[in-house]
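Chain by chain, the residues:
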Amino acid sequence: MMQVSKADATRLGLLVLVLIGLATGPYWADRGTMRLLIEAFYFLALAQLWNLLAGYSGLISVGQQAFVGLGGYMLFTLTMFAGLPVLLALPLAGVLTGILAWPTALVAFRLSGPHFAIGTWVIAEVYRLSFAQISALGGGSGISLRTDIVRGMADSRAARESLTYWIALAIMLAVILGVWALMRSRIGLGLGAIRDNEEAATSIGVRTTRLKFGVFVGVAAMTGLIGALIFLQKLRITPEAAFSVNDWSVLVIFIVVIGGIGSLEGPILGCILFFVLREFLADLGSWYMIILGAISVGIMLLEPRGLWGMLNRKRRVTLFPIARHAPSNP
């Protein structure tokens, strides 16, 4: 029988308490706190997905805002023009975003290294400019979700906000647990090999291009689902907001970098620090972004593995173990 250490039992107990506290959020949190938590949930989910791309697959993308925007616009299109209920349109928005990510990947994967990173940003700009030309979706000024569509989720405003909260929490947990399960599988082993040395991974039989392509499309679909949720909460979408590189790429990359790229725990720490810093620095205008940049550079100089790497310098601790160890000789 597998032995569970006292430290592991303590961490598991704390995790269960945190999950219970978050799950009961609508019963103890006020409206402002719930909106803040929803924002934290989708930022953490976006950070974990970007970490899967860059930290585990070696795909450095600065164009993930393309899929946030696509997901948001797919939700508005499905609800306002196809007449679908919101709860059905949400997952379909993610599916359609994944389908659109397929030709996007065909273009982006012709590039590599820094060219791939810049290419994904250019592709996102093409999507932004394209949606700004669609008059049915409000063009450059955007469009708001109709009241009857919003009320279709639930009768009261409190019920709608609670439902949105639980959906955001479920998506965040699904992303974290999904990435954890993926990295513990054979696919995760292949991704780790690609990140460390793509040529060596190819030489031992890893289908590198197919694997990276699948991860890119899968991450895009989940990012589209999150984008649909983001603009469902905002109730209005514009090309500038939907395809904002600062909101949906720069800040997400900051969260992953300061927390610790290549670990599941790192983005969690990074997300907590980001919201603490934003609470105290957001009123400083352009200095806010300058300070965030200086903090990220400072942390990377001190410890390239981020805050989680600092905590693990002396003693190896993990909340989501994915490492494999060779069996010891008898």
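For the structure itself, look to the data block above.
Residues numbered from 1 in each chain as written. Predicted model: local features only at pLDDT ≥ 70, side-chain atom pairs only at ≥ 80, totals over all residues. Heavy atoms only, no water.

**Observations regarding the overall build of the chain**
So, step 1. Counting its secondary structure elements, the chain contains 16 helices and 2 strands.
So, step 2. On C-alpha atoms alone, the chain measures out to a radius of gyration of 20 Å, which is about the 20 Å that the 2.2 N^0.38 rule sets for 330 residues.
So, step 3. Structurally, the chain occupies a C-alpha span of about 70 × 50 × 45 Å along its principal axes.
So, step 4. Restricting to contacts in the chain with at least 6 residues of sequence separation, those with at least 24 account for 75%.
So, step 5. Carbon and sulfur atoms provide 66% of the accessible area of the chain, an area that totals close to 16,900 Å².
So, step 6. Taken as two groups, the 25 positive and 16 negative side-chain charges of the chain have centres that lie 7 Å from each other. (Helix = DSSP H or I, 4+ residues; strand = E, 2+ residues; numbered from the N terminus. Rg over C-alpha atoms; globule rule 2.2 N^0.38 Å. Contact = heavy atoms within 4.5 Å. Areas by Shrake-Rupley, 256 points an atom, 1.4 Å probe, with all protein chains shown as cover. Lys, Arg positive; Asp, Glu negative; His and termini not counted. Charge placed at Lys NZ, Arg CZ, Asp CG, Glu CD.)

**So, unusual backbone geometry**
Excluding glycine, most residues fall at negative phi; most peptide bonds, likewise, are trans.
So, step 1. Unlike most non-glycine residues, Leu235 shows phi in positive territory, near 70°.
So, step 2. Relative to the assigned elements, Leu235 resides in the loop between helix 11 (208-234) and strand 2 (236-237).
So, step 3. On the basis of relative accessibility, which here comes to 34%, the residue Leu235 falls in the partly exposed class. (Buried < 20%, exposed > 50% of the residue type's maximum accessible area, 1.4 Å probe, protein only.)

**Structural notes on the pattern of salt bridges**
So, step 1. Taken as a whole and assessed by the stated rule, the structure comprises 7 salt bridges.
So, step 2. Residue Glu125 pairs with Arg128 through a salt bridge whose shortest N-O separation is 2.9 Å. A residue pair is termed a helical-turn pair when its members lie 3 or 4 positions apart in one helix, as Glu125 and Arg128 do in helix 6 (residues 113-131) at 3 residues. Arg128 shares its class with Glu125; the two are buried.
So, step 3. Between Arg128 and Glu240 there is a salt bridge whose closest N-O contact spans 2.8 Å. Remark: Glu240 occurs in helix 12 (residues 239-242) and Arg128 occurs in helix 6; sequence separation between them is 112 residues. (Salt bridge = Lys/Arg side-chain N within 4 Å of Asp/Glu carboxyl O.)

**Describing helix 9 (residues 186-196)**
So, step 1. For helix 9, every residue scored as buried is listed here: Gly188, Gly190, Leu191, Gly192 and Ile194.
So, step 2. Structurally, helix 9 contributes buried residues whose contacts are with helix 3 (31-56), helix 8 (157-183), helix 10 (198-203) and helix 11.

**Some words on the packing of helix 5 (residues 86-108) against helix 6**
So, step 1. Remark: helix 5 packs on helix 6, axes separated minimally by 10 Å, with the N-to-C direction vectors making an angle of 135°. On the basis of the axis angle, helix 5 is oblique to helix 6. Seen from above, helix 5 lies across helix 6 with right-handed handedness. Counted together, Leu100, Thr104, Val107 and Ala108 of helix 5 and Phe116, Thr120, Ile123 and Tyr127 of helix 6 form the full contact between these two elements.
So, step 2. Partitioning the contact of helix 5 with helix 6 into residue classes produces 6 nonpolar, 2 polar and no charged. (Axes fitted to C-alpha atoms, helices over the stretch in contact; angles between N-to-C directions. Parallel < 35°, antiparallel > 145°, perpendicular 65-115°, else oblique. Left-handed = near helix turned anticlockwise from the far one by under 90°. Nonpolar A, V, L, I, M, F, W, Y, C, P; charged D, E, K, R; others polar.)

**Remarks on the nonpolar core**
So, step 1. Counting residues in hydrophobic clusters, the biggest one holds 98 residues, and the most contacted among them are Phe43 and Leu90.
So, step 2. When residues of this core are assigned to their parent elements, the largest contribution, 17 residues, is made by helix 3.
So, step 3. Other than its neighbours up to four places away in sequence, Phe43 contacts Asp247, Trp248, Leu251, Val252, Ile255, Cys271 and Phe275. (Core = buried A, V, L, I, M, F, W, Y, C linked by side-chain atoms within 4.5 Å.)

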